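# Structural overview for review
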Amino acid sequence: MSHFTPMNTMATKDPRFALRFATPDDAGLLLDFMHQLGTFQKMRDKIVATEVGLRQLLTQGKGEAILGDYDGKTVGFAYFCQTSSAFIGQSGLYIDGFLVSESMRGKGLGKIMMTFMAKLALARGCQRLEWACLDWNEPSIQFYRNLGAQSVDIMTIYRFGPEQLKVNAALF
């Protein structure tokens, strides 16, 4: 299996499109993409990440990202982290943010990025790649289904935010 290191710039099937791993110095660029994603998802106000916070996640290895450069300009990103499941005893990668700039859609760049993520997951010994998609986002749902992805419709994700974490932790 091949090993991908953060210093690599990887050529793709499109000679104008290359992928590279984000470094902590790319935190501002990632934040810009998260704001674009939040705007697209009609959830811009929910994006409360900061450049400092993203830099810290990247520095600590708690999160990673790949960036897609088209003719030298960054036009896409995928932010992800390692996961595991006791249910199936497997590890995986979870894509938390994924976007190709609107003006660059339809060129196959998203497919290149997703197929790279699949290859990366396998190279790291993972058995799955997961992500979430808003129920109303029909174009993305079709894109994922065309790649062979299946939705998990039997559960709802629940979350403790910062305040609920503190309240519940204090109960211990």
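Residues numbered from 1 in each chain as written. Predicted model: local features only at pLDDT ≥ 70, side-chain atom pairs only at ≥ 80, totals over all residues. Heavy atoms only, no water.

Right, let's get into the packing of helix α1 (residues 27-40) against helix α2 (residues 51-60). Axis separation between α1 and α2 bottoms out at 8 Å; the angle between their running directions is 115°. The two elements α1 and α2 meet at a crossing, and its hand is right-handed. The residues of α2 that touch α1, namely those facing Ala 27, Gly 28, Leu 30 and Leu 31, are Glu 51, Leu 54, Arg 55 and Leu 58. Along the lines of polarity and charge, the residues of the contact of α1 with α2 split into 5 nonpolar, 1 polar and 2 charged. (Axes fitted to C-alpha atoms, helices over the stretch in contact; angles between N-to-C directions. Helix = DSSP H or I, 4+ residues; strand = E, 2+ residues; numbered from the N terminus. Left-handed = near helix turned anticlockwise from the far one by under 90°. Contact = heavy atoms within 4.5 Å. Nonpolar A, V, L, I, M, F, W, Y, C, P; charged D, E, K, R; others polar.)

Let us look at the pairing of strand β2 (residues 17-21). Taken residue by residue, a regular strand's side chains alternate between the two faces of the sheet. Among the 5 residues that make up β2, 4 are buried, leaving the element largely enclosed by the rest of the structure. Between strand β1 (residues 9-11) and β2, which follow one another and run antiparallel, lie 5 residues. (Buried < 20%, exposed > 50% of the residue type's maximum accessible area, 1.4 Å probe, protein only. Pairing = 2+ DSSP bridges.)

This brings us to the pattern of salt bridges. Overall, the coordinates contain 7 salt bridges when judged by the stated rule. Between Asp 69 and Arg 20 there is a salt bridge, and its shortest N-O distance comes to 2.7 Å. Separated by 49 residues along the polypeptide, Asp 69 in strand β3 (residues 64-70) and Arg 20 in strand β2 bring together distant segments of the chain. Accessibility classification places Asp 69 together with Arg 20 in one group, the buried group. A salt bridge links Glu 163 to Lys 166, with the nearest nitrogen and oxygen atoms 3.7 Å apart. Of the two residues, Glu 163 and Lys 166 are both situated in helix α5 (residues 162-170); the distance of 3 residues between them amounts to about one turn of the helix. Judged by its relative accessible area of 51%, Glu 163 falls in the exposed class. Lys 166 gets classed as exposed once you look at its relative accessible area, which sits at 56%. (Salt bridge = Lys/Arg side-chain N within 4 Å of Asp/Glu carboxyl O.)

Okay, the nonpolar core next. Grouped together as the largest cluster of nonpolar side chains are 24 residues, with contacts concentrated most on Ile 66 and Met 117. Of all the elements in the fold, those that place two or more residues in this core are β2, β3, β4 (73-85), β5 (90-100) and α3 (109-123). Top element by residues in this core is α3. It accounts for 8 residues. Look past the residues within four positions of Met 117 in its chain and what remains in contact with it is Ile 66, Ala 78, Phe 80, Leu 93, Ile 95 and Leu 129. In terms of nonpolar packing, the next biggest core, distinct from the first, is built from 15 residues, Ala 22, Leu 31, Leu 54 and Leu 99 among them. (Core = buried A, V, L, I, M, F, W, Y, C linked by side-chain atoms within 4.5 Å.)

We now examine unusual backbone geometry. Phi is positive for Lys 42, close to 60°, though the residue is something other than glycine. Residue placement: Lys 42 occurs in the loop between α1 and α2. Given the relative accessible area of 65%, Lys 42 is considered exposed. Positive phi, close to 50°, is recorded for Asp 71, a residue that is not glycine. Of note, Asp 71 is situated in the loop between β3 and β4. Residue classification places Asp 71 among the partly exposed positions, given a relative accessible area of 48%.

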